[in-house]
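An overview of the molecular structure
What follows is the residue order along each chain.
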Amino acid sequence: MTDTELRVSKIENGTVIDHVPGGEALTVLAILGIDGSGGEVVSIGMNVPSDRLGKKDIVKIEGRELSQAEVDVLSLIAPEATINIVRAFEVIEKHHVTRPETVRGVLSCPNANCITTENEPVESRFDVLDAGVRCVYCETIIDGSIASHIHST
Ligand code: CTP
Ligand code: ZN
């Protein structure tokens, strides 16, 4: 797509998460804890035609950088994602996500008796498997969609 056909406006400062699988943009926002109530300026393209992916989602967030923990969880649902850091309308950094060995925080263990879900100051931690993730504390496996196991905070 050329600039004259740009579907979602360029941003001045912030982060563009590109090459997200079509239909996963709202999961990306959930991972980042964005539901609109925080006042973030966000633009989304969903199921945009893409040469590489057929169709893709794009999420643009003004004035926000992502933590490594957020990028790690993002890589599970969007393994082809590109994270672009934008300053003064220019892409100044471009990162391809890589699949981590473990993910910390962001996800909640589905086991109600897990130490990470009790009122203890223990951050969740999951080993990343070929299919799904496994809690390092209680060994509960989340397979299938991780979307419903994202912290609400
Ligand atoms: N972008 C943006 N605002 C800017 C600059 C770039 O929203 N000020 C977006 C572009 O629309 C694109 C992404 O950030 O979706 C990456 O920009 P760029 O690297 O210029 O595009 P490509 O070269 O097409 O990226 P890639 O090779 O990663 O596909
Ligand atoms: Zn657990």
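Because the structure is a prediction, the values reported are computed rather than measured.

So, on to the overall build of the chain. Regarding its fold elements, the chain presents 2 helices and 9 strands. Starting at the N terminus and walking to the C terminus, you meet the elements of the chain as β-α-β-β-α-β-β-β-β-β-β. Relative to a compact globule of 153 residues, whose C-alpha radius of gyration would be 15 Å, the chain shows 16 Å and is just as compact. Projected onto its principal axes, the C-alpha coordinates of the chain cover approximately 55 × 30 × 25 Å. When burial is assessed residue by residue, the chain has 39% of its 153 residues classed as buried. In the chain, once contacts between residues fewer than 6 apart in sequence are set aside, the share between residues at least 24 apart is 59%. Accessible surface, the chain as shown: approximately 8700 Å² in total, 46% of it carbon and sulfur. Computed over 13 positive and 24 negative side-chain charges, the separation of the two mean positions in the chain equals 5 Å.

Next up on the list: the UniProt feature "domain: Aspartate carbamoyltransferase regulatory subunit C-terminal" (unreviewed entry) in the chain. As annotated by UniProt and renumbered to match this structure, "domain: Aspartate carbamoyltransferase regulatory subunit C-terminal" (unreviewed entry) occupies residues 103-144. Between the C-alpha atoms that bound residues 103-144 the distance is 16 Å, and the span itself is 0% helix and 26% strand.

Protein-derived ligands of the zinc ion (ligand 2) are Cys109 (SG), Cys114 (SG), Cys135 (SG) and Cys138 (SG), with the metal-ligand distances lying across 2.2 to 2.3 Å. When the donor residues of the zinc ion (ligand 2) are listed from N- to C-terminus, their spacing reads C-x4-C-x20-C-x2-C. Of this pair, Cys114 sits in the loop between β6 (102-104) and β7 (125-128) while Cys135 sits in strand β8 (residues 133-135); the two residues are 21 residues apart in sequence, bridging distant segments of the chain. For Cys114, a relative accessible area of 1% translates into the label buried.

Calculation notes
Residues numbered from 1 in each chain as written. Chains lettered and ligands numbered in written order. Predicted model: local features only at pLDDT ≥ 70, side-chain atom pairs only at ≥ 80, totals over all residues. Heavy atoms only, no water. Helix = DSSP H or I, 4+ residues; strand = E, 2+ residues; numbered from the N terminus. Rg over C-alpha atoms; globule rule 2.2 N^0.38 Å. Buried < 20%, exposed > 50% of the residue type's maximum accessible area, 1.4 Å probe, protein only. Contact = heavy atoms within 4.5 Å. Areas by Shrake-Rupley, 256 points an atom, 1.4 Å probe, with all protein chains shown as cover. Lys, Arg positive; Asp, Glu negative; His and termini not counted. Charge placed at Lys NZ, Arg CZ, Asp CG, Glu CD. UniProt positions renumbered as here; feature names shortened; annotations may be inferred. Donors = N, O, S within 2.8 Å, 3.2 Å for Na, K, Ca; no water.

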